[in-house]
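Given next are the chains, with one letter for each unit.
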Amino acid sequence: YQQFSYPEGIDVAQVLSAHGFDAVSRAILVRSLGQEPTRYPNWKIAQKLVGSALYYRLHRDRSYVESATPVLRGYVAELGRQIAASPRGMLLRERFSSDIKDSVFGLHSQAVAWQGLNAIADVWSATGHAHLAANARRLASRLERGLRRAVRESQRRLPDGSLFVPARLL
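Read on for a plain summary of the structure. Bear in mind that the values here come from a model prediction, so they are computed numbers and not experimental data.

Observations regarding the sheet that holds strand S5 (residues 168–169)
Strand order across the open sheet formed by three strands is S1-S2-S5, with antiparallel pairing between neighbours. Each of the sheet's edge strands pairs with one partner strand only, and the pair in question is strand S1 (94–95) and S5. Alignment of S1 against strand S2 (residues 103–106), held across two bridges, turns out to be antiparallel. Within S2, the residue paired with Glu94 across the bridge is Val104. Strands S1, S2 and S5 of the sheet are contacted by helix H5 (residues 107–126), whose axis makes an angle of about 45° with S2.

Structure below.
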């Protein structure tokens, strides 16, 4: 693998960070912030928010937060534009995955975006960015309502009584 893979590359940064390889984790995160999120941009943006938040939670590296905040703020703004424009309070449809080209409301990408908005709000709150934290938390709340509604509308009770929630919502 001679290329940076998304969103899995951020998963690698999170595991490395959890095992104390903070310099390598930070390097992966910094590199990811310079990459344009294409193909399934919301999922990639969301993973970067989650990965950055975990890195801060584990290492309390304020310099990373300060240097990454302009890019992360832009990501939050992009998610916010989509949530505000959506009558469902969700992010736009996007490609399901690298091998499935269907444009969907993906449970996986929507849920990671919700997680990412909440996680980065916690970081910004802890690092003195109260306004950014409040905005991210407000967007997370709106996305949560839209996502929960979409899950309710999409879920099906199966004959055996189990609950099926599809990865492709609505």
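A word on the pattern of salt bridges
Within this structure, the stated rule accounts for six salt bridges. With a shortest N-O distance of 2.5 Å, Arg26 and Asp61 are connected by a salt bridge. Taken together, the positions of Arg26 in helix H2 (residues 22–33) and Asp61 in the loop between helix H3 (41–59) and helix H4 (62–85) put the pair 35 residues apart, joining distant regions of the chain. Under the relative-accessibility criterion, Arg26 is labelled partly exposed at 25%.

Some remarks on the pairing of S2
In terms of strand pairing, S2 meets S5 through two bridges, oriented antiparallel. Across the sheet, Phe105 pairs through a bridge with Leu169, a residue of S5.

Some thoughts on a positive patch on the surface
Among the surface-exposed residues, Arg138, Arg142, Arg145, Arg149 and Arg152 lie close enough to one another that they form a single positively charged patch. Relative to the helices and strands, Arg142 resides in helix H6 (residues 130–154). Looking at Arg142, the relative accessible area reads 31%, which means it is partly exposed.

Rules used throughout
Residues numbered from 1 in each chain as written. Predicted model: local features only at pLDDT ≥ 70, side-chain atom pairs only at ≥ 80, totals over all residues. Heavy atoms only, no water. Pairing = 2+ DSSP bridges. Helix = DSSP H or I, 4+ residues; strand = E, 2+ residues; numbered from the N terminus. Contact = heavy atoms within 4.5 Å. Axes fitted to C-alpha atoms, helices over the stretch in contact; angles between N-to-C directions. Salt bridge = Lys/Arg side-chain N within 4 Å of Asp/Glu carboxyl O. Buried < 20%, exposed > 50% of the residue type's maximum accessible area, 1.4 Å probe, protein only. Patch = residues over 30% accessible without salt bridge, like charges linked within 9 Å, V, L, I, M, F, W, Y side chains within 5 Å. Areas by Shrake-Rupley, 256 points an atom, 1.4 Å probe, with all protein chains shown as cover. Lys, Arg positive; Asp, Glu negative; His and termini not counted. Charge placed at Lys NZ, Arg CZ, Asp CG, Glu CD.

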